[in-house]
Number of protein chains: 2
Amino acid sequence: MNLAISIDDIFGAARRLEGHAHRTPVLRSRTVDELTGATVFFKAENVQRMGAFKFRGAFNALAQFDPTQRERGVIAFSSGNHAQAIALSARLLGMPSVIVMPQDAPAAKVAATRGYQAGDARSEIVLYDRYTQDREAIGRELAARRGMTLIPPFDHPHVMAGQGTAALELIEQTAEGGPLDVLLVCVGGGGLISGCAVAATALNPGVEVWGVEPQAGNDTQQSLARGEIVRIPTPRTIADGAQTEASGRLTFPVIQALVRGIVTVDDAQLVQTMRLMAERMKIVVEPTGALAAAALLHRADGLPELRGRRVGVLISGGNVDIGRYAQLLSA
Amino acid sequence: MNLAISIDDIFGAARRLEGHAHRTPVLRSRTVDELTGATVFFKAENVQRMGAFKFRGAFNALAQFDPTQRERGVIAFSSGNHAQAIALSARLLGMPSVIVMPQDAPAAKVAATRGYQAGDARSEIVLYDRYTQDREAIGRELAARRGMTLIPPFDHPHVMAGQGTAALELIEQTAEGGPLDVLLVCVGGGGLISGCAVAATALNPGVEVWGVEPQAGNDTQQSLARGEIVRIPTPRTIADGAQTEASGRLTFPVIQALVRGIVTVDDAQLVQTMRLMAERMKIVVEPTGALAAAALLHRADGLPELRGRRVGVLISGGNVDIGRYAQLLSA
């Protein structure tokens with residue numbers, strides 16, 4: 001079966017992102033190396049533009065719009081990092097954006113998204129009532145009426161290819177000491193891990209790519225076991241970026257083909273990991289961003305032995321309300 | 001008058017630190033550039049080994065011990081970053097360390113210092129009662145009895161030269177775009193700013209070096225106005241690394257000769273700055289570490305116009321108890 005993207009799509013995305021996305025740093029931590037016995041490389045997408053890897057996929061998708069699409073603009077429904085990624089990418093590319101968000105989205109997120117739209121009078125945020133209205137219907141209706149292009153948060157080849165550039169960079173940045181043995185990536189809808197798995201296995205054929213989900217939201221783990229996409233109710237977890245109900249029709253086949261397996265961590269382990277990253281690495285990481293590191297530090301059930309191996313860990317983002325962050329750190 | 005150190009001492013320190021201290025990254029922030037109109041370069045000593053610039057000075061001092069000194073070891077009195085810097089440097093250089101700390105020092109700091117001493121049975125922490133005992137007398141008595149060398153936290157040429165390597169690196173790392181116009185550095189006892197002022201003015205003769213003190217602890221500002229070292233009661237401020245009562249006899253003349261002036265910020269401004277650095281830059285900074293950035297962001301009274309200029313900002317450290325940090329962020 002043909003997968004939705006190839007390494008060439010990721011190379012293309014990398015070219016498109018040059019000068020727009022940050023080439024984020026790779027961080028090391030003696031503490032983490034000592035605790036795990038591994039040589040660990042953290043790819044710090046928490047310091048990516050708008051604070052998460054999502055910028056990569058959004059910009060890569062929007063940069064491929066044709067002139068008519070650019071003129072009419074982009075529409076997205078999201079209250080999270082995808083919203084901000086689309087709003088910022090649209091502004092940078094000079095096109096209007098409409099972001100559809102629930103009425104009860106945190107004010108800070110609405111404000112941040114408006115901030116990224118700033119300066120473009122054609123851009124707006126459309127609020128809906130999540131108890132009485134269907135966001136997908138709203139999005140589709142708006143897209144049709146205004147001729148705007150809808151970009152979904154993960155199940156799109158250009159989005160997946162953009163996200164894969166995070167792993168491409170990590171592998172380039174760590175090439176000096178040899179290939180990575182293992183790569184740990186968080187899993188929501190599968191956009192990041194599918195792109196990263198394509199990049200990593202193309203460049204380091206021996207690498208084992210493992211996904212990490214919140215224990216309460218292990219739909220992809222279930223899907224792999226079942227051999228088909230399993231849909232679960234919206235999971236309760238602090239990892240809001242991984243509160244997806246199911247992987248995508250494009251992302252899942254890539255995960256099936258290239259990912260060794262999915263392991264899970266619970267919310268308490270996420271909080272401990274966020275605290276360790278603040279204390280020892282001096283970085284702010286959002287709960288979803290700590291998934292992969294938490295699996296490493298807590299030796300999540302199912303992971304292979306990591307001692308003595310070169311392990312890449314994707315830190316996916318750092319966007320967490322500071323009041324909420326303070327609450328989690330002091331819990 | 002001869003100053004205690006020259007640029008050659010700092011070059012020497014840089015050689016000694018190679019392969020031991022981290023060449024810490026220089027961080028940029030679009031948000032900060034937009035807020036200030038300046039081009040700002042943050043030197044991230046919060047990710048230095050043991051979490052603060054203090055490692056530079058301690059290691060540079062201990063690396064110059066003669067064989068007898070090495071055998072007998074080093075003694076320091078400090079409950080803060082200097083303690084950890086000495087303990088770690090001593091372990092790396094294979095010598096014993098004795099750290100004199102108040103009995104009521106936070107358990108986390110005692111534990112961290114013990115952690116850095118780990119593996120050396122000859123090293124220890126000596127606790128004293130700060131209400132009934134004089135720590136300097138204890139330190140001197142121990143030093144004399146055991147033949148150990150006392151290394152003070154700032155007023156020592158090797159310590160000052162070591163700290164200066166932070167500015168040396170910052171200037172090297174930002175050289176591509178031209179010299180820095182302004183350098184902002186926090187001031188406690190003056191070890192960091194004196195070393196940095198020597199490095200910066202030697203390499204970028206046009207640079208203006210400004211010091212930043214907590215409003216409640218502006219002894220150096222007073223000293224500059226008076227033309228002699230002014231001693232104040234231990235100031236009440238959350239910037240615990242700048243709770244010094246007076247600059248040093250070696251550091252003050254350097255500050256008089258090379259620093260343009262001292263400005264101050266209050267605790268509320270420090271907290272706002274720590275929050276902005278967490279939110280937008282995704283980094284954890286201790287209160288003292290935020291002094292220089294707070295002066296920039298709050299346009300501290302006395303600073304020159306910074307719009308359109310290239311400004312270096314020293315982030316001195318990131319060691320803050322996580323419970324305390326959470327409290328400050330949520331305040």
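Counting of residues starts from 1 at the beginning of each chain's written sequence and follows it residue by residue. Following the order in which they are written, the chains are lettered starting with A and the ligands numbered starting with 1. Local features are withheld for residues below a pLDDT of 70 in this predicted model, meaning they are given only at 70 or higher, and side-chain atom pairs are given and counted only at 80 or more; totals for whole chains, interfaces and linings count all residues. Heavy atoms from the whole structure form the basis of all side-chain values; hydrogens and water molecules are not counted.

A. Spatial organisation of the interface of chain B and chain A. With 22 residues of chain B at the interface, the matching set in chain A holds 22 residues. In short, buried area is how much 1.4 Å probe accessible area vanishes from two parts on joining, totalled over both. Here chain B meets chain A over a buried area of about 1,600 Å², counting both sides, of which 62% is carbon and sulfur. Its largest share of buried area at the contact with chain A, chain B owes to Arg30, Lys282 and Ile322 of chain B, together 39% of the area lost on that side. Each salt bridge in this description consists of a side-chain nitrogen of Lys or Arg and a carboxyl oxygen of Asp or Glu lying within 4 Å of one another. Between chain B and chain A we count zero salt bridges in total. Within 3.5 Å is the distance limit for a polar contact, defined as a pair of N or O atoms, with the added protein rule that one can donate a hydrogen and the other accept it, and that residues adjacent in sequence qualify only through two side-chain atoms. Across the chain B-chain A interface, the total number found is six residue pairs in polar contact (both at pLDDT 80 or more). Strands are runs of DSSP state E lasting at least two residues, helices are runs of H or I lasting at least four, and both sets are numbered from the N terminus onward. Of all elements in the fold, only helix H12 (267-281) and helix H14 (322-330) of chain B reach the threshold of two or more residues within the side of chain B that touches chain A. Partitioning the side of chain B that touches chain A into residue classes produces ten nonpolar, six polar and six charged. Note on contacts: a residue pair qualifies if any of its non-hydrogen atoms lie within 4.5 Å across the two residues. We call Asp, Glu, Lys and Arg charged. Ala, Val, Leu, Ile, Met, Phe, Trp, Tyr, Cys and Pro are nonpolar, and the rest, Gly among them, are polar.

B. Inspection of the packing of helix H3 (residues 54-62) of chain A against helix H8 (residues 157-173) of chain A at higher detail. Residue and element names in this part refer to chain A. Every axis corresponds to a line fitted to the C-alpha atoms, with the helix fit spanning only the stretch in contact, and the corresponding angles, defined between N-to-C directions, vary from 0 to 180 degrees. As a packed pair, H3 and H8 sit with axes 7 Å apart at the nearest point and diverge in direction by 135 degrees. On the basis of the axis angle, H3 is oblique to H8. You can see that H3 and H8 cross each other, and the crossing is right-handed. On the side of H3, the interface is formed by Lys54, Arg56, Gly57, Asn60 and Ala61, while H8 contributes His158, Val159, Ala161, Gly162, Gln163, Thr165, Ala166 and Glu169. Here the residues of the contact of H3 with H8 sort into four nonpolar, six polar and three charged. For classification purposes, an angle smaller than 35 degrees is called roughly parallel, one larger than 145 roughly antiparallel, one from 65 to 115 roughly perpendicular, and anything else oblique. By the definition used in this description, the sense in which the near helix is turned from the far one sets the handedness, with an anticlockwise turn below a right angle giving left-handed and a clockwise turn giving right-handed.

C. Spotlight on the nonpolar core. Ranked by internal contacts, the top residues of the largest apolar core, which has 149 residues, are Leu183 and Tyr325 of chain A together with Leu183 and Tyr325 of chain B. Those residues within four positions of Tyr325 of chain B in sequence are excluded, and the remaining contacts are Val284, Tyr325 and Leu329 of chain A together with Met274, Ala278, Ile283, Val284, Val285 and Val320 of chain B. By convention a nonpolar core is built from buried Ala, Val, Leu, Ile, Met, Phe, Trp, Tyr and Cys residues, the set being connected through side-chain atoms within 4.5 Å. For every residue, the accessible area obtained with a 1.4 Å probe (protein chains only) is divided by the maximum for its type, and the residue is called buried under 20%, exposed over 50%, and partly exposed between those limits.

D. Looking closely at the pairing of strand E7 (residues 182-186) of chain A. Residue and element names in this part refer to chain A. In terms of burial, E7 is a largely internal element, five of the five residues being buried. Burial of E7 is two-sided: the residues Val182, Leu184 and Cys186 facing one way and the residues Leu183 and Val185 facing the other way are all buried. If you view a crossover with the strands going away from you and the path from the first strand over the helix to the second runs clockwise, you call it right-handed. Crossover connection from E7 via helix H9 (residues 191-203) to parallel strand E8 (residues 208-214): handedness right-handed. For two strands to be treated as a pair, DSSP must find at least two bridges joining them. Where E7 and strand E10 (residues 310-315) come together, three bridges link them in parallel fashion. Its bridge partner lying in E10, Leu183 is registered against Gly312.

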